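# Structural overview for review
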Amino acid sequence: MFQPVSSSTDFPAQERQVLEFWKRTRAFFRLRELLAHSQKRFAFIDGPITANNPMGVHHAWGRTYKDLWQRFFAMKGYNQRWQNGFDCQGLWVEVNVEKDRGFQTKRDIESFGVEKFILLCKQRVLNSAAMQTEQSIRLGYWMDWDDPDELRMLAEKIVTSPQEVITLRRDGKAIQGTVEQLVGQLGTPELGRSYFTFSDENNYQIWHFLKRCHERGWIYRGEDVIPWCPRCATGISQHEIDTEGYKDREDPAFTVRFKLTHFDTTHIQWASSEAREKFLHAHGAFMLAWTTTPWTLAANIMLAVGPQLRYSVVRQVHKDGEIAVYFLGAQTLRTLRGEYEVLGEIQGVHMAGWTYQGIFDDLPAVIDTIKKWEDLHGKTFRHPVILWEEVSETEGTGIVHNAPGAGPEDYQLGKAHSMPRIAPLDENGIYLPGFNELSGKHAHDVPDIVEAMLRARGWFYRREKYLHRYAHCWRCGTPLVYRMVDEWYISMDELRYEMMEVVQRINWIPAFGKERELDWLRNMHDWMISKKRYWGLALPIWEYPDGTFEVIGSYEELKARAVAGWEEFEGHTPHRPYVDKVKIRHPQTGLIGTRVSDVGNPWLDAGIVAYSTLRYRTDRAYWEQWFPADFITESFPGQFRNWFYALIAMSTVLEKREPTRTILGFATLLDEKGEPMHKSKGNAIEFNEAADRAGADVMRWLYIRQRYDDNLLFGYNALNEVRRTVILPLWNAYSFFVTYANADDWSPHQERPSLELRNQLDRWILARMAETVNSVHQSLMAFDARPAALAIEVFIDDLTNWYIRRSRERFWGSQMTTDKRAAYATLYEVLTTLARLIAPMMPFLSEVMWQNLVHQRDVSAVTTAPEGAFSVHHQPFPEPRPLDESEQNLLDAMQITRLVVTLGHNARAQSKVKVRQPLNKLSIVADAQAQTVILAQQELIKDELNVKAVEFVTDEQSLVTYRVLPDLKKLGKKLGETLPRVRTALSQLDPVQVVTRVRAQQPVEVDGVTLQPDEVIVQRIPKPGLSVAGDNSIVVALDTTLSEALIQEGLAREVVRRINDLRKSAQLHISDRIITHFTASPRLAEAIRAFADYVQRETLSIELHESPAAQSIASEQFHIDEEQLTVWINLGHAIMEGQRS
RNA sequence: GGGCGAUUAGCUCAGCUGGUUAGAGCGUCCCUCUGAUAAGGGGAAGGUCUCAAGUUCGAAUCUUGAAUCGCCCA
């Protein structure tokens, strides 16, 4: 007996039962045992998920792919590592801990204590990892998961008692250490399970990598002007500003007058003869420059003009009587206020070398900087006008204010022109001393002060509001500033080309990924690897007082080199503040080296995992077995310059090899309207909520059927559609099978009829199954999920809406016949194959089906682990095989049959005669080959369309006319421009004559051109007015004449339908026998009498009486067209079992 | 500003190397079938295939330009 199956199942609840089943039976561990000795390996490396928050439905997308292919290859017998990863170090964790604690600045962290702060960061990671582990398990993701409670225990103790010695148990072995030490060893071979990028091994492996870079001379300390978050007080690397980092912001835009002190009028083309005079009589000549970052004006050094641009010279008389002349881009005169007169024009190139009076040359800091510059260069400093190709006139005045200490391009230009640099801000974005009223103020708070200062000096021209895209901190949302700082870099001069070679060897899905990555490599700057923060990789760079530095490559090396501070560090993970204590001595100079206080870029942490988690330093043979990965997958946004990039960079440096053979990237998850999901916008869907409401299988299916390069519009409507169109039909097919198999006491152990004894439908669905297996297998091997999902959807539709629907009656009879056995055997084979086929995609549903169909058990009732390969996930994936010719023919034949049926329904609709009304015959026009097929399937067609006979029409012209068309593909080349004429001429010939010739394989003469028979296409057009339907090859017609017998039969069928509705509404069981009483109007009563056997059979009425019943469990009056019917039904008890034929 | 991609029905998208009447799913409406099915079937409405020019016997498809929208990079 199979476990009874309800047709209305709570899928999420059922999934929780399956999770319990897997847990109790240790199903995942059984899988690992079964695969442990396999020689085949599928190497997957998990891109670490940021362990900072609960996971979202977007994470579940990628994790579904990861699980899909791990399960698929497991079913194909490939051994695997099953290691999940957590990304642990970096600013994002710090920001959240700061938020929790209410910290505003780095000073708050310092006064709280770096040591305690780091522990809080570790705690947050461990707690988030515990939560994400639970959620991933809920998704059905099979991995070597940690026990969430153990992670939470560690999270608790890492803060309360980090130095307590505790014991963790693994496979009966006890592993001892302090809490801090054990946390640093998570994911190692000894402790196993998920890897954590904060682990000792991960950090030391990065040290090794950086040392290798240093050996090649690529590590350097660079001064640069970089985007800087004033809240986090750290630089934001180019890698980190993604599109999310840009937000609309309204800033004050200033137009400022820069008074020229030296210029040359030779190249000015004067507009008129008086223009030059007017120019010379003005009170002052100014360059007009425009900026949206007024805080940088105090650092102004130069002005830049475009060498090719034309500049206008304009004269304005101001209210206070001042007469001024201005230089500004000829296309930018709209920026002027008030009336003006154009005096002339000059090309930008001629303005090079002009000088102007610095706008804030009176500020102590500016005086000081310029003084130093003059001392160094031995000459007086003048603010210059320089040329810059990048200057445009689309914004501002075509003259660019340049502050080499406060903007990245400015910095490069300043360097090229050997200009002084004024760096006005400290790390919190506050003006340094020496800027008078600006000092002590925040960069974003000074527009009013700047305006006042400009006005006081006479340099103010205009202020407006300006809305633009501005870079914000990707973690805390604060608008960025630019600061000149020392940071550590890896030079990309050589590495980028080596990486490009490695990129070429990777299979990128979708293919454009390769170009994206190459494009990034071509354009990227040197890799900034430092961050002036606390929680992260301790950069293993020790600096000496003379400015030289060394990179330390391992714990052992540091220990050997340490001259102080080792005792304080030993026993701790390589994090701040302990590692900072260790000093080393320079072998030659004897100077004492101190670690730079910076921490590392977090993408180093994630990029190294192809080495650190595969025991590269400790067990090279193991690494060789699992490297490179066969497959990795992540969502692309950001990853071309983040994880994919770091992974490739580090593997290129260490081994010049690709870290993975295939990279699958996929797009972004959005809400149902296509908007990004944001908690604050209220359109975010929590993973737990989605899993509870829709179920993990449904979610997984939505992900799997999604195109990789399209954004996924995620929401409950989409989920519900999956449930309705995929899950429910499949479930119903399964529930149908179980219901009838139980009723018939059918068991898989009974002998099953050989293929020859199965009918056409059976063989057809088995061929379709094989075809589907082939297609799914092929797609999954190519890492192409969507076609696999779509093939299964089509198959489920074929199964439910054709195979089962057409086979229903075979399951109804009370006798067990060979045909019935064939039907059970076939449906059983299909469902068990299907369960294995969908197992990697819908692990829950497939498990429920498998346990019941194969083991006749309910997952919730299993308490101990069964023997052997008990789970569907322990089964081999269905084997692909080529279809033989007869199977192929059967597939083609069924297609034709279904076409005839579709056309028949179409004709029915036109005739307005319901399907319930039997008709005498269906006439068909079809070619010989199709006729054979139709003949073979005629019972099915007759039944489906409710006609008594199917016949082929000899005189097809009674039903159809013809359309004859030239075969354009063939004739286009042959005829060229005479084609339209031939086409018209052909359409004017008598189609019947053309058809006659073509069918006789005779050529056709058209307008002097001879067309071969195969160059003419003949279409059959149904004649209008008949109940006729057709496509171009097959035409069907219904004979709608009704005899009294047919009408009676139709009425009888109506009666059956009414009685069965009544049975249903009385909630009778399918097999309940009834006693039926009725009264009816004369014509109807006669019909019922004539078809009494039929009515009784179809309604399971053991008695049928033409009289009212005294009492009944259900009764109803009906109107059928003009006729009246009243029906009473009563339970008939099963005493008459066997009467039903 | 540069690069890549897109623009087809109300919505989400197919339409391969040019070919005859441009399709599907969802949604809407009508009809219909039904003792596994909250399903299924038939039909209707809905498209100047973003615009313009070109190549061609023939363009949703190829070329060029424009517009708009993404993504990536400046």
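Since the structure is predicted, the reported quantities are computational estimates derived from the model, not experimental observations.

## Overview of the sheet that holds strand β6 (residues 219–229)
An order of β7-β6-β19-β21 is seen for the four strands of this open sheet, with the pairing classed as antiparallel. With partners counted over all chains shown, the strands left at the sheet margins are β7 (234–235) and β21 (527–528), one partner each. As defined by bridge partners, strand β19 (residues 481–490) adjoins β21 across two bridges and the pair is classed as antiparallel. When the bridges of β21 are listed, Tyr489 appears paired with Met528.

## Here we look at the domain arrangement of chain A
Partitioning chain A into structural domains gives domain 1 (234–482), domain 2 (538–598), domain 3 (715–866), domain 4 (888–1038) and domain 5 (1044–1136). Spacing between the C-alpha centres of domain 1 and domain 5 amounts to 95 Å.

## Section: the packing of helix α29 (residues 885–911) against helix α31 (residues 938–945)
Following both chains from N to C, one finds α29 and α31 inclined at 25°, their axes separated by 10 Å at the closest point. Taken together, α29 and α31 sit at an angle that is classed as roughly parallel. Every pair of crossing elements has a handedness; the one defined by α29 and α31 is right-handed. Here Thr897, Val900, Val901, Gly904, His905 and Arg908 of α29 come into contact with α31, specifically with Leu940, Ile941, Glu944 and Leu945.

## Here's the deal with the packing of helix α25 (residues 760–781) against helix α26 (residues 785–807)
In contact at an axis separation of 9 Å, α25 and α26 are set at 170° when each is read in the N-to-C sense. It follows from the interaxial angle that α25 and α26 lie roughly antiparallel. Across the interface between the two elements, Leu761, Asp762, Trp764, Ile765, Arg768, Met769, Thr772, Ser775, Val776, Ser779 and Leu780 of α25 pack against Pro787, Ala788, Ala791, Ile792, Val794, Phe795, Asp798, Leu799, Trp802, Tyr803, Arg806 and Ser807 of α26. For the contact of α25 with α26, a count of residues per class yields 15 nonpolar, four polar and four charged.

## Considerations on the pairing of β6
Across the 11 residues that make up β6, a large majority, eight, are buried. Summarising the sheet, β6 and β19 pair through 10 bridges and their orientation is antiparallel. By the bridge assignment, Glu223 is partnered in β19 with Asp486. Pairing geometry for β6 and β7, over two bridges, is antiparallel. Bridging from a neighbouring strand, Cys229 pairs with Thr234 of β7. Between the antiparallel neighbours β6 and β7 lie four residues, among them Ala233 with a positive phi of about 55°.

## Considerations on the nonpolar core
Counting 182 residues, the largest nonpolar core has Trp69, Phe714, Phe737 and Leu799 as the members making the most contacts within it. Sorting elements by how many residues they give to this core places helix α24 (residues 716–743) first, with 15 residues. The residues touching Leu799, leaving out its near neighbours within four places in the chain, are Ala733, Ile765, Ile804, Leu827, Val830, Leu831 and Leu834. The next biggest cluster of nonpolar side chains, apart from the first, holds 75 residues, and it includes Tyr326, Leu333, Ala443 and Tyr461.

## Remarks on the pattern of salt bridges
Per the stated rule, a full pass over the model turns up 71 salt bridges. A salt bridge links Glu543 to Arg221; the shortest N-O distance between them is 1.9 Å. On the criterion of sequence distance, the pair formed by Glu543 in strand β23 (residues 541–543) and Arg221 in strand β6 is long-range, its members being 322 residues apart. Classification of Glu543 as partly exposed rests on a relative accessible area of 23%. For Arg221, a relative accessible area of 33% translates into the label partly exposed.

## Thoughts on the environment of Arg693
In this fold, Arg693 is placed in helix α22 (residues 687–693). Assessed through its relative accessible area of 55%, Arg693 is described here as exposed. For Arg693 and Tyr340, which are 353 residues apart along the polypeptide, the C-alpha to C-alpha distance reads 68 Å. Ignoring anything within four residues of it in the chain, the contact list for Arg693 reads Pro12 and Tyr716.

## Details of the sheet that holds strand β43 (residues 1114–1120)
Spatially, the four strands line up as an open sheet ordered β42-β41-β44-β43, and their pairing is mixed. Strands at the two margins of the open sheet, each flanked by one partner only, are β42 (1101–1105) and β43. Between one strand and the next, the sheet's axes are offset by a mean angle of 20°, whatever the strand orientation. Against the sheet, helix α35 (residues 1044–1065) contacts β41 (1074–1080), β43 and β44 (1123–1131), and its axis sits at roughly 145° relative to β43. Its contacts with the sheet put helix α37 (residues 1092–1099) on β41 and β42, and the angle it makes with β42 is roughly 135°.

## Concerning the environment of Leu853
Relative to the elements of secondary structure, Leu853 occurs in helix α28 (residues 843–855). Sequence separation between Leu853 and Val830 is 23 residues; the distance between their C-alpha atoms is 11 Å. The contacts of Leu853, once residues within four sequence positions are left out, are Phe2, Tyr734, Phe737, Val738, Pro748, Tyr828, Leu831 and Thr832.

Reading the values: rules and limits
Residues numbered from 1 in each chain as written. Chains lettered and ligands numbered in written order. Predicted model: local features only at pLDDT ≥ 70, side-chain atom pairs only at ≥ 80, totals over all residues. Heavy atoms only, no water. Pairing = 2+ DSSP bridges. Helix = DSSP H or I, 4+ residues; strand = E, 2+ residues; numbered from the N terminus. Domains from an automatic or database assignment. Axes fitted to C-alpha atoms, helices over the stretch in contact; angles between N-to-C directions. Parallel < 35°, antiparallel > 145°, perpendicular 65-115°, else oblique. Left-handed = near helix turned anticlockwise from the far one by under 90°. Contact = heavy atoms within 4.5 Å. Nonpolar A, V, L, I, M, F, W, Y, C, P; charged D, E, K, R; others polar. Buried < 20%, exposed > 50% of the residue type's maximum accessible area, 1.4 Å probe, protein only. Core = buried A, V, L, I, M, F, W, Y, C linked by side-chain atoms within 4.5 Å. Salt bridge = Lys/Arg side-chain N within 4 Å of Asp/Glu carboxyl O.

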